[in-house]
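Tertiary structure, described
Residue-level listing of the chains:
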Amino acid sequence: MIKIVVKKILNNNSVISEDINCKEVIVMGKGIGFSKKNGDLIDETKIQKIFVLEDDKKNNQLINLLEDIPEEYFELSQMIIQRASQKLGKDLADSIYLSLTDHLYMSIARYREGLHLKNKLLFEIENFYPDEFRLGLEALNIIESLFSVKMAEDEAAFIAMHIVVSENGDDMEDFYKSTKLVQSILNIVKFFFKVNFNVESFYYQRFLRHLRFFSLRILSGEDQKKLSLKNDLLPLIKDRYVDAYQCTLKIKDFVNNSFNYILDDEEILYLTIHISQVISDIEEEKGKNKF
């Protein structure tokens with residue numbers, strides 16, 4: 001069995017070591033570096049996370065953070081990440097340990113100076129990613145109890161953004177673009193039919209999930225040749241759901257003009273079906289409320 005040996009102590013909770021292939025790794029765990037010196041064995045029962053040092057740029061950033069940022073911010077970050085991973089039932093990308101810790105350190109410092117940043121995507125995040133937003137709100141309670149800093153919901157949305165990005169393996173810029181694209185499409189539907197969405201509706205949530213993946217395909221620049229699909233059902237669908245189909249054509253024009261992406265028949269079909277179901281659900285609720 002390979003023993004993990006300290007090569008360099010970064011702080012009480014993180015050290016640099018080597019893995020079985022003699023590659024440098026960052027080993028994190030509560031008290032893992034306390035009272036240790038180079039060459040000492042690491043107590044493997046204390047290991048919580050191991051980062052393999054393959055990307056020099058990110059590794060240097062992480063090492064600098066570990067050396068410069070007080071340890072309690074890493075402990076805070078780990079608490080939030082572990083809770084998010086458990087409640088979402090999935091592992092989060094290692095990059096969140098770097099991005100979230102840095103963000104928390106800077107945002108708490110700003111709040112203590114009375115500088116509160118507004119999150120322009122607060123509404124979208126709260127409605128598009130309700131599970132992650134709730135985790136952000138829980139994180140605010142943890143921050144208040146540990147750091148005596150009370151933060152606004154804007155900060156919960158920022159934390160949720162880091163979780164979503166880590167879930168999907170994207171970067172923050174892609175997240176912003178995807179979220180704004182989804183909101184633009186929802187606005188087209190909203191103004192075409194002159195309705196307000198029921199964000200709790202099953203059909204709305206299903207439409208939202210479809211739009212998230214749809215937006216990622218557009219932004220990824222996926223090969224259009226693979227998407228030039230014909231669908232024999234489309235003539236039937238566009239005759240049955242005339243208004244939804246016309247709305248989809250407006251979305252098609254918007255996507256084409258904004259991203260140079262041409263929707264194929266398959267995508268037009270699914271968008272039309274989703275839109276018709278969302279609008280039918282809204283109209284059905286309106287009918288119920290009349291009585």
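Before reading on, note that the structure itself is shown above.
Here's a quick rundown of the structure.

What counts and what doesn't
- Residues numbered from 1 in each chain as written.
- Predicted model: local features only at pLDDT ≥ 70, side-chain atom pairs only at ≥ 80, totals over all residues.
- Heavy atoms only, no water.
- Core = buried A, V, L, I, M, F, W, Y, C linked by side-chain atoms within 4.5 Å.
- Buried < 20%, exposed > 50% of the residue type's maximum accessible area, 1.4 Å probe, protein only.
- Helix = DSSP H or I, 4+ residues; strand = E, 2+ residues; numbered from the N terminus.
- Contact = heavy atoms within 4.5 Å.
- Polar contact = N/O pair within 3.5 Å; in protein donor to acceptor, adjacent residues only side chain to side chain.
- Pairing = 2+ DSSP bridges.
- Salt bridge = Lys/Arg side-chain N within 4 Å of Asp/Glu carboxyl O.
- Expected span 1.5 Å × (residues − 1).
- Arc of directions from axis to C-beta.

1. Digging into the nonpolar core
Generally speaking, soluble globular proteins have nonpolar side chains that are buried together. With 80 residues, the main nonpolar core has I26, I143, I159, L186, V189 and I275 as its most contacted residues. For this core, the element with the most residues is helix 6 (residues 153–168), which contributes 9 residues. Each residue touching I143, except ones within four places of it in the same chain, is listed here: L76, L104, I108, S148, V149, M151 and I159. By size, the runner-up hydrophobic cluster in this structure holds 7 residues, among which are V15, V25, I32 and I42.

2. Some words on the side chain of S17
Looking at the secondary structure, you find S17 in strand 2 (residues 14–18). Engagement of the side chain of S17 in a polar contact is seen with the backbone oxygen of V5, the distance being 2.6 Å. Among residues more than four places away in sequence, those in contact with S17 are I4, V5, K7, K23, E24, V25, V27 and I42.

3. Brief notes about the environment of V164
By the element assignment, V164 lies in helix 6. For V164, a relative accessible area of 2% gives the class buried. Along the primary structure V164 and E132 are separated by 32 residues, whereas in three dimensions their C-alpha atoms are 6.9 Å apart. Residues in contact with V164, not counting those within four places in the same chain, are Y129, E132 and F175.

4. Quick word on the pairing of strand 1 (residues 8–11)
Taken together, the 3 bridges between strand 1 and strand 2 define a ladder with antiparallel strand orientation. Bridge pairing links I9 to V15 in strand 2. Linking strand 1 to strand 2, which pair antiparallel, is a turn of 2 residues.

5. Side note on the environment of I282
Assignment of secondary structure puts I282 in helix 11 (residues 265–289). Residue classification places I282 among the buried positions, given a relative accessible area of 9%. Setting aside residues up to four positions removed in sequence, I282 forms contacts with V195, N196 and F197.

6. Thoughts on the pattern of salt bridges
Inspection of the entire model under this criterion finds 9 salt bridges. Here K87 and E138 are joined by a salt bridge, their closest N and O atoms 2.8 Å apart. Placement of K87 in helix 2 (residues 71–88) and of E138 in helix 5 (residues 130–147) is noted, with a sequence separation of 51 residues between them. Residue classification places K87 among the exposed residues on the basis of a relative accessible area of 54%. Across the salt bridge formed by K177 and E173, the nearest N and O atoms sit 3.3 Å from each other. Pair noted here: K177 and E173 are both in helix 7 (residues 172–193), with a separation of 4 residues, about one helical turn. According to the relative accessible area criterion, K177 is partly exposed, its value standing at 41%. Assessed through its relative accessible area of 51%, E173 is described here as exposed. Residues participating in the shared-partner salt-bridge network are R83, K87 and E138.

7. Focus: helix 10 (residues 242–259)
Residues spaced three or four apart along an α-helix point in a common direction, a consequence of the helix completing one turn every 3.6 residues. With 18 residues, helix 10 should reach 26 Å at 1.5 Å per residue; the first-to-last C-alpha distance of 25 Å fits that figure. Looking only at helix 10, the buried set comprises A244, Y245, C247, T248, I251 and V255. Viewed end-on, helix 10 has its buried residues packed into an arc of 155 degrees, placing them on one side of the element. Where helix 10 ends, the next residue or the one after it, N260, has phi of about 55 degrees, a positive value.

The values are spatial; any link to function lies outside them.
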